[in-house]
Amino acid sequence: MSEQNMTTILDSVEELYRKHRRNDVTSTLTTLIIDGISSHAMLIDSFVVLHAAFICSMHRLIGMDFAAFVVQHVVASYEQHLAHAENAASHDSGPSEDLGKECSNLIILLAELYNFQVVACVLIYDLIRELLSRDLSELRVELLLKILRSSGQQLRQDDPSALKDIVTLAHSCIAKQGVNLNSRTRFMTETLTNLKGNKIKKAAGAQHQGGDAVERLKKFLSGLGKKRHVQIHEPLRVSLEDLRTAETKGKWWLVGAAWAGDPLTDRQQSGLMRSSEVTDSSENHSLLKLARKQGMNTDIRRSIFVVLMSSEDYMDACERLSQLNLTEVQQREIVRVCLHCCSNEKSYNPYYALICQRFCQLSHSHKITLQYWFWDFLRDLGETNVGGTEVIKNLKSDEGRLEVKDISFSRIRNVAKAYGWWIAKDICSLLILKPVDFTLLKPQSRKFLKELFAQIFAATQGSSPMLSDQLDIESRNRGVIEDTFNKATKIENLGLGLIFFFSHAFREETGFLQWASSVAKETLQSGMDQIPRV
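Every value quoted in this text rests on a predicted model; they were computed, and no experiment measured them.

1. Let's talk about the overall build of the protein chain
Thought 1: From N to C terminus, the protein chain includes 24 helices and zero strands.
Thought 2: Going through the 534 residues of the protein chain one by one, you find that 46% of them count as buried.
Thought 3: Pairs at least 24 residues apart make up 74% of the contacts formed inside the protein chain by residues separated by at least 6 positions.
Thought 4: When the accessible surface of the protein chain is split by element, carbon and sulfur atoms take 49% of a total near 27900 Å².

2. Quick word on helix H5 (residues 101–115)
Thought 1: Taking 1.5 Å of rise per residue, 15 residues should cover 21 Å, and H5 covers 21 Å from first to last C-alpha, within 8% of that figure.
Thought 2: Following H5 by one or two positions, Gln117 adopts a phi angle in the positive range, close to 65°.

3. Thoughts on the packing of helix H23 (residues 492–505) against helix H24 (residues 511–527)
When two helices pack together, their arrangement is captured by the angle between the axes and the distance separating the axes.
Thought 1: Packing of H23 against H24 brings their axes to within 10 Å, and their N-to-C directions diverge by 150°. Considered as vectors, H23 and H24 are oriented roughly antiparallel to each other. As for the relative orientation of H23 and H24, their crossing is left-handed in sense. Contacts between H23 and H24 involve Gly495, Leu498, Ile499, Phe502 and Ser503 on the former and, on the latter, Ser517, Ala520, Lys521, Leu524 and Gln525.

4. Considering the nonpolar core
Thought 1: Among the nonpolar cores identified, the biggest contains 81 residues, and Met58, Val71, Tyr78, Leu109, Leu113, Phe116 and Ile128 are the most heavily contacted of them.
Thought 2: Every residue in contact with Tyr78, bar those within four places of it in the chain, is listed here: Cys103, Leu106, Ile107, Leu127, Leu131 and Leu143.
Thought 3: One finds Met296, Val337, Leu494 and Ala505 within the second-largest nonpolar core, a separate group that totals 77 residues.

5. Overview of helix H1 (residues 6–19)
Thought 1: Along its 14 residues, H1 runs 20 Å from first to last C-alpha, staying within 8% of the 20 Å computed at 1.5 Å per residue.
Thought 2: Burial in H1 covers these residues: Met6, Leu10, Val13, Glu14 and Tyr17. Buried residues of H1 fall within an arc of 105° about the axis and therefore sit on the same side. Within H1, the exposed residues directed more than 90 degrees away from the buried face are Thr8, Arg18 and Lys19.

6. Considerations on the pattern of salt bridges
Where charged atoms from two side chains of opposite charge approach closely, those side chains can pair.
Thought 1: Under the criterion given, the structure shown has 17 salt bridges.
Thought 2: A salt bridge links Asp376 to Arg336; the shortest N-O distance between them is 3.8 Å. Of this pair, Asp376 sits in helix H18 (residues 365–380) while Arg336 sits in helix H16 (residues 332–344); the two residues are 40 residues apart in sequence, bridging distant segments of the chain.
Thought 3: Salt bridges sharing common partners tie together Glu15, Arg18 and Lys19.

How each quantity is defined
- Numbering of residues starts from 1 in every chain and runs along the sequence as written.
- For a predicted model such as this one, the threshold for reporting local features is a pLDDT of at least 70, and the threshold for listing and counting side-chain atom pairs is 80 or more; totals across whole chains, interfaces and linings nevertheless cover every residue.
- Computation of side-chain values: all heavy atoms of the structure, hydrogens and water removed.
- The helix count covers DSSP runs of H or I at least four residues long, the strand count covers runs of E at least two residues long, and both are numbered beginning at the N terminus.
- Categorising residues by exposure relies on relative accessible area from a 1.4 Å probe, with only protein chains included: less than 20% of the type maximum marks a residue as buried, more than 50% marks it as exposed, and the intermediate range marks it as partly exposed.
- In what follows, a contact means two residues having at least one pair of non-hydrogen atoms within 4.5 Å.
- Using a 1.4 Å probe, the Shrake-Rupley method yields the accessible areas, and only the shown protein chains count as cover for residues.
- For a helix, the expected span equals 1.5 Å multiplied by the residue count minus one.
- To define axes, lines are fitted to C-alpha atoms, for helices over the stretch in contact only, and angles between the resulting N-to-C directions are given on a 0 to 180 degree scale.
- The scheme is simple: roughly parallel for angles under 35 degrees, roughly antiparallel for over 145, roughly perpendicular for 65 to 115, oblique for anything else.
- Whether a crossing is left-handed or right-handed is set by the direction in which the near helix is turned from the far one by less than a right angle, anticlockwise for left-handed and clockwise for right-handed.
- For our purposes a nonpolar core is just a set of buried Ala, Val, Leu, Ile, Met, Phe, Trp, Tyr and Cys residues, chained together by side-chain atoms within 4.5 Å.
- What the arc describes is the spread of directions from the helix axis to the C-beta atoms.
- Only one rule defines a salt bridge in this text: a Lys or Arg side-chain nitrogen within 4 Å of an Asp or Glu carboxyl oxygen.

Below, the structure is given as structure tokens:
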């Protein structure tokens, strides 16, 4: 069998199915495939890929029962060879180079079946967990590396949360073995960590010798339905436990097969057990307690808070937040919780600003939430005329709400840095300042807006979100400041207000702030039809 004669072989096999009993043909083909793959020698990846593509073709042409039969027997053969290899290794005095080649070839076949969407990621993750359930021998490390090289990127795309659990399990397994780790084990650990952090590039995938063959055969499979009637099926979402208990409980994944259990009840019970374990963990308990202390009064806000506090970086947080399956209205809470946490940090943390930036790039509605939160903050500073007509009317009807809150300077600086970064990077514009009357500012508002514009000037001159408190910046990029403040000239009252504010607030400044404020003022004046004298 080769790529060139694959079509001819498929025609012949379909003819066999028409002339003989399906079970006889399926069992014979399965025996031939397993005997050919489980060779006592290391097979090249392209040879295994070719057999995986053949199984996928039969899966589409003959039906799901063919793939289910093959996968069940491949997994059984793999576990049998793995147990035999480990028993032989425990009795031999030294390691053998040929030991475990059968299970190594079979694990590659299962990984390639996953690449061709014959099986889902559930089975592959179960195989990885099974390999990590005992001490990591050289054979188990080699099998893990085979899976990661063949299907690592696809595993991360399909279920990143499960991959994170796998990495944690691997680290705990390695910690039990102590510091005596060989180079392959260290390499496997680094590969897992890089895969979780999405640091494995396509160039690194060149180590997978069958990579080119996979791409060619995927094109062949996509064109399979042009000349044949193809029965398109979803990948088999069977677990390792399902395959092990197939003879006793039955095969729920096959239509008409006997079944001795209730898979929905079993899945619900296992899901409840997993969720209870997570809820009862000490880390999540402490985070939930902290969330309530921070005023997270709904389940949605608490869930978002726990994700923010337990994520490794802003990319991990964005990925986990998107998996919460929030409605469009509930997604607004992401920005609000981020801003709450950002403003209450003792020192500024750009982590929250980057998360909001990512979500604003995905949906315009998050930018509107940023604007409303900004107006709420200005009202807390004492600017009661900022906001919609109904909001101002309600505030004036409730005199208790007109009291100015005493807000710490650290909170003012944190909010100013976050919005300064977003305005400089065009996530939101200066038009959010449209309702502000710069001639009647309260003292706290004047302090905040001066800090905001200082941070805007600083953010336009660099690419790092880690804004420093020291604003003695040497770079002088005039064009970026002009682009930022040109947008404010669209509204005459806003432009005039900003010119008035710069003329008074930055009058005594020197160095960078004096230069930046003068550039902003000149930009606003040149864009106005009537240049004011301030």
